[in-house]
Structure formats: structure tokens, C-alpha cells
Amino acid sequence: MARPSSEPCSWCGAEIEESDGFRAYEPAGERRAAFCRLEHMVPWAVQGPHWEPGPLTEPAPIDESVTACSHCGRQLGEIHVLLVRHRGEHRVGDGFCSIEHMSAWAKAGGRWQ
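Conventions we followed
Residues numbered from 1 in each chain as written. Predicted model: local features only at pLDDT ≥ 70, side-chain atom pairs only at ≥ 80, totals over all residues. Heavy atoms only, no water. Helix = DSSP H or I, 4+ residues; strand = E, 2+ residues; numbered from the N terminus. Rg over C-alpha atoms; globule rule 2.2 N^0.38 Å. Buried < 20%, exposed > 50% of the residue type's maximum accessible area, 1.4 Å probe, protein only. Contact = heavy atoms within 4.5 Å. Areas by Shrake-Rupley, 256 points an atom, 1.4 Å probe, with all protein chains shown as cover. Lys, Arg positive; Asp, Glu negative; His and termini not counted. Charge placed at Lys NZ, Arg CZ, Asp CG, Glu CD. Core = buried A, V, L, I, M, F, W, Y, C linked by side-chain atoms within 4.5 Å. Pairing = 2+ DSSP bridges. Salt bridge = Lys/Arg side-chain N within 4 Å of Asp/Glu carboxyl O.

1. Describing the overall build of the protein chain
Per the secondary structure count, the protein chain includes 3 helices and 7 strands. Compactness check: the protein chain gives a C-alpha radius of gyration of 13 Å against a globular reference of 13 Å for 113 residues, within 12% of the reference. In terms of its C-alpha atoms, the protein chain occupies a principal-axis envelope of roughly 35 × 30 × 25 Å. Buried positions account for 40% of the 113 residues belonging to the protein chain. Counting only contacts in the protein chain whose residues sit at least 6 apart along the sequence, the fraction spanning at least 24 positions is 50%. Total accessible area on the protein chain stands at roughly 6300 Å², and carbon and sulfur atoms take up 50% of it. Considering the protein chain, the positive charge centre built from 11 side chains and the negative charge centre built from 16 side chains are found 6 Å apart.

Next comes the structure, spelled out in C-alpha cells:
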């Protein structure tokens, strides 16, 4: 099945091109969400995350290379959240042990803290 060239932001509904935005995955539950902006993860998490069904669609090296929570540094368990920043053809992955840690990381500015 081919991936769509764009998908709506899980918070505001704006269309996100395949080469932009953030994709969050809960691989164990085969759930996903998309965000046009880093800041949109925070209200999405606060209001109760609304996932869409769907498997991880990122290249295998991204999921395999993320082994620790980007917020607290703990090793990730089987149930974790993978966040992938799409920037052109590049993909940058971060992992989190919970939605709360992903939200706290986003509130603090993400990788640009």
C-alpha cells in the first residue's frame, strides 16, 4: 500500500507534506499521529491523544537506532513512542517512554532546548 503524499495534522487538521512535519508512532499498538508543528504535540497530549490506526512506515534503521528516552534517558521498553521529524528526504528519530515525556520534551523546545 502506498503512503499518501500528505496527511492531516492530528491537532489542527492542516495538510502535512511527506517531506515535512513530525510523525509519532506507538509501534506496539500500531498507532500513529502526525503534526505540522512541534507545538501541536502538547495540546494533543493534554486533551488525550487521539491516535490513528496504522503501522510504523519509517525506514527500519530509525526505529532500531532509537533505544533511550530523549526526555529522561531511560532505556525504552516494548511499549514506547517513536517521534520522527521529516525534513526533506532526511528523517530524525527520537524515542520516549510515554506520551507525557514526549509532551514535556516538546514543551521544552525538543532538540533545540
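2. Some remarks on the side chain of Glu26
With respect to the helices, strands and loops of the structure, Glu26 is situated in strand β3 (residues 22-26). With sequence-adjacent residues up to four places away left out, Glu26 is seen in contact with Arg31, Trp51, Ile79 and His80.

3. Examining the nonpolar core
Counting 27 residues, the largest nonpolar core has Ala24, Phe35, Met41, Trp44, Leu83 and Met102 as its most contacted members. Setting aside chain neighbours within four positions, we find Ala24 in contact with Arg31, Arg32, Ala33, Phe35, Trp51, Val81, Leu82, Leu83 and Met102.

4. A word on the sheet that holds strand β6 (residues 81-87)
Pairing in this open sheet of 5 strands is antiparallel, and the strands run β5-β4-β3-β6-β7 from one edge to the other. Each of the sheet's edge strands pairs with one partner strand only, and the pair in question is β5 (52-53) and β7 (90-96). In this structure, β3 lies alongside strand β4 (residues 31-35), joined through 5 bridges in antiparallel fashion. Bridged to Glu26 within β4 is Arg31.

5. So, the pattern of salt bridges
Taken as a whole and judged by the stated rule, the model has 8 salt bridges. For the salt bridge of Asp20 with Arg85, the shortest nitrogen-to-oxygen distance reads 3.3 Å. Of the two residues, Asp20 is situated in the loop between β2 (15-17) and β3 and Arg85 in strand β6; the sequence distance between them amounts to 65 residues. Arg85 gets classed as buried once you look at its relative accessible area, which sits at 18%. When the shortest N-O distance is used, the salt bridge between Glu39 and Arg37 registers 2.5 Å. On the accessibility criterion, Glu39 (41% relative accessible area) is partly exposed. The class of Arg37 is partly exposed, set by a relative accessible area of 46%. Each of the salt bridges in this network shares a partner with another, and the network as a whole consists of Glu7, Arg23 and Arg32.

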